[in-house]
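Given next are the chains, with one letter for each unit.
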Amino acid sequence: FSIDNMYLDEFLEDITGAFSPVYGNTFAKLYLKGYALDDATMEGTLEVEVSDADLGPMPLIAPLLGDIYSMLRNSIIAPENRIDISQAYCEFEIKDRKISTQNALLWGDNIAISGTGYMDFDGNLHFTMENKFTQSPIDEARNWQKTLRNTIIRLGKALGKAQLRGTISKPKWIFDYFDNE
């Protein structure tokens, strides 16, 4: 089964019935074998790529900083100074009643988020995510918007790793502060 150039926002709106603030061109390939009535027999792979996207503002795994940034992003930060996630790629393995990945990536011009982990068929979550930021060189950071962006990046580096535990219905983030180099 494959999806070629599906609009992510339309898909999310179709399945949730609500407006989706994210968008992008989505490509996916699913290979699955097993019996539909016996999920223990299901095995396969899923590959997903999203391009030309706006997958939301950074940082995905620092909610307070992300909320502050979202407020500033839409009111005072010019588009060329934003820290947005514009691409995604992930490879999943489906086996032993789990969907797992060792290669989940989301990125934009100034940020990359990598992740590993799994979700089991009972809805339990066990993921580790890590923010990686790049700052503009000092000579480029002359206007106040770039200075603000670089300050947010420095704060984001301190909030760089997180673990997602719990369940789909009750997710729980656990943050590892000041763990980046």
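Please refer to the structure higher up on the page.
Residues numbered from 1 in each chain as written. Predicted model: local features only at pLDDT ≥ 70, side-chain atom pairs only at ≥ 80, totals over all residues. Heavy atoms only, no water.

### Considering the nonpolar core
Working step 1: By size, the foremost hydrophobic cluster in this structure holds 11 residues: Leu 8, Val 22, Val 50, Ala 53, Leu 55, Ile 85, Ala 88, Leu 106, Ile 111, Ile 113 and Met 129.
Working step 2: Contributing elements (two or more residues each) for this core: β3 (38-54) and β6 (111-120). (Core = buried A, V, L, I, M, F, W, Y, C linked by side-chain atoms within 4.5 Å. Buried < 20%, exposed > 50% of the residue type's maximum accessible area, 1.4 Å probe, protein only. Helix = DSSP H or I, 4+ residues; strand = E, 2+ residues; numbered from the N terminus.)

### What to know about the pairing of β6
Working step 1: By the bridge criterion, eight bridges tie strand β5 (residues 98-107) to β6 in an arrangement that is antiparallel. Bridge pairing links Thr 101 to Gly 117 in β6.
Working step 2: Between β5 and β6, which pair antiparallel and follow one another directly, the connecting turn spans three residues. (Pairing = 2+ DSSP bridges.)

### Quick notes on the layout of surface pockets
Working step 1: Approximately 1200 Å³ is the volume attributed to the largest pocket.
Working step 2: Lining the largest pocket are 30 residues, and of these Leu 8, Leu 12, Val 48, Val 50 and Phe 92 lie nearest its centre.
Working step 3: Within the residue set of the lining of the largest pocket, elements represented by two or more residues are β1 (2-7), α1 (8-16), β2 (23-35), β3, β4 (87-95), β5 and β7 (125-133).
Working step 4: When the residues that make up the lining of the largest pocket are grouped by side-chain class, the tally is 28 nonpolar, one polar and one charged. (1 Å grid on protein atoms, 1.4 Å probe; cavity = no way out; pocket = protein on both sides within 12 Å on 5 of 7 lines; lining within 4 Å. Points joined across faces, edges and corners; volume = space filled by probe spheres on them. Nonpolar A, V, L, I, M, F, W, Y, C, P; charged D, E, K, R; others polar.)

### Concerning the packing of aromatic side chains
Working step 1: Applying the stated rule across the entire model yields zero aromatic pairs.
Working step 2: In this structure, Lys 98 is placed above the aromatic ring of Tyr 118, and the distance from its NZ or CZ to the ring centre is 4.2 Å. (Phe/Tyr/Trp six-rings, centres within 6.5 Å; stacked < 30°, edge-to-face > 60°. Lys NZ or Arg CZ within 6 Å of the ring centre and 35° of its normal.)

### Side note on the pattern of salt bridges
Working step 1: Scanning all chains against the criterion turns up two salt bridges.
Working step 2: The residue Asp 39 makes a salt bridge to Arg 97 at a minimum N-O spacing of 3.1 Å. With Asp 39 in strand β3 and Arg 97 in the loop between β4 and β5, the pair connects residues that are 58 residues apart, well separated along the chain.
Working step 3: Accessibility expressed as a relative area gives 28% for Arg 97, which makes it partly exposed.
Working step 4: Residue Asp 122 is joined to Arg 97 by a salt bridge in which the shortest nitrogen-to-oxygen separation is 3.2 Å. On the criterion of sequence distance, the pair formed by Asp 122 in the loop between β6 and β7 and Arg 97 in the loop between β4 and β5 is long-range, its members being 25 residues apart. (Salt bridge = Lys/Arg side-chain N within 4 Å of Asp/Glu carboxyl O.)

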